[in-house]
Amino acid sequence: MGIVTQLFGIGAMVSLFIVYQQKTRKKLIAAKLSADIFWVLHYFCLGGIAGMIPNFIGIFRELIFINRQRRKWADSVIWPVLFILLTWCLGARTFHSLFNILPITASTFVTISLWINDPKLTKIISVPVSLSFFLYDIYVRSYIGMINELISITSILLFFIKERIRRKRKEQR
């Protein structure tokens, strides 16, 4: 079971690395959907229910959010509010320690960051999200999760470094 757990974590990690390299909101959300599916399986295998809940809800969140521009019903502000409330309600039912609040709080920020139409701001908001999950991963001993959060932060920084280099090159022309 340990190898399978780690494989799910690796799948999530690869998906999240892809998230931070996307320029369009639709591709960013599609990669996030893939990551959420893997994280649900990973945290379930670890018994990390508080980490599993926001990722499980995230699957449905991404399915709605990816349709925002094509379907009018998916563009209602009710959706992010509903997903945030649902995450907190389910999270409260599984509360065992203060560490359980970390993924629930992180999920709130993820929901907001994915709702806005600014992939750059989504990446910025993802830094404190990654730090919260890093602490939770220490608590549940998700070593692949800890590695993932460090890679995610590195990936975000890499994106901004590449953007800065591109801007400087344009300015020099």
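Residues numbered from 1 in each chain as written. Predicted model: local features only at pLDDT ≥ 70, side-chain atom pairs only at ≥ 80, totals over all residues. Heavy atoms only, no water.

### Re the overall build of the protein
Put simply, the test is: Each helix is a run of DSSP H or I of at least 4 residues and each strand a run of E of at least 2, with the numbering of both proceeding from the N terminus. Each residue gets one of three labels from its accessible area relative to the maximum for its type: buried under 20%, exposed over 50%, partly exposed in between, using a 1.4 Å probe on protein chains only. By definition in these notes, contact holds between two residues if any of their heavy atoms fall within 4.5 Å. Surface accessibility follows the Shrake-Rupley procedure with a 1.4 Å probe radius. Residue values consider only the protein chains on display as shielding. Charged-residue counts in this description rest on Lys and Arg as positive and Asp and Glu as negative, His and the chain ends being excluded. Working definition for charges: the position is that of NZ of Lys, CZ of Arg, CG of Asp or CD of Glu.
Counting its regular elements, the protein contains seven helices and zero strands. Listed N to C, the secondary structure of the protein is α-α-α-α-α-α-α in terms of helices and strands. Across its three principal directions, the C-alpha atoms of the protein cover 55 × 35 × 25 Å. Classification of the 173 residues of the protein by burial places 47% in the buried group. Summarising the internal contacts of the protein: among those between residues at least 6 apart in sequence, 69% fall at separations of at least 24. Here the protein has roughly 9600 Å² of accessible surface; of this, 71% comes from carbon and sulfur atoms. Computing the positive centroid from 22 side-chain charges and the negative centroid from 8, the protein places the two 6 Å apart.

### Let's talk about the UniProt feature "transmembrane region" (unreviewed entry) in the protein
Cut-off, in case you're wondering: UniProt positions are given in the numbering used here, feature names are shortened, and annotations may be inferred rather than shown by experiment.
This chain's UniProt record puts "transmembrane region" (unreviewed entry) on residues 6–21, 33–53, 73–91, 98–116 and 138–161. As annotated, residues 98–116 has a helix share of 79% and a strand share of 0%, and its two end C-alpha atoms lie 28 Å apart.

### Some details on helix H2 (residues 25–46)
What sets the pattern is the α-helix's 3.6 residues per turn: residues three or four places apart point alike. To keep it simple, the criterion reads: To estimate the expected span of a helix, subtract one from its residue number and multiply by 1.5 Å.
Taking 1.5 Å as the rise per residue, H2 with 22 residues should run 32 Å; its terminal C-alpha atoms sit 31 Å apart, in good agreement. Backbone geometry just downstream of H2 places Gly-47 in the positive-phi region, at approximately 80°.

### As for unusual backbone geometry
In this model, Arg-141 sits at a positive phi of 60°, which is unusual for a non-glycine residue. Relative to the helices and strands, Arg-141 resides in the loop between helix H6 (119–140) and helix H7 (143–172). Given the relative accessible area of 58%, Arg-141 is considered exposed.

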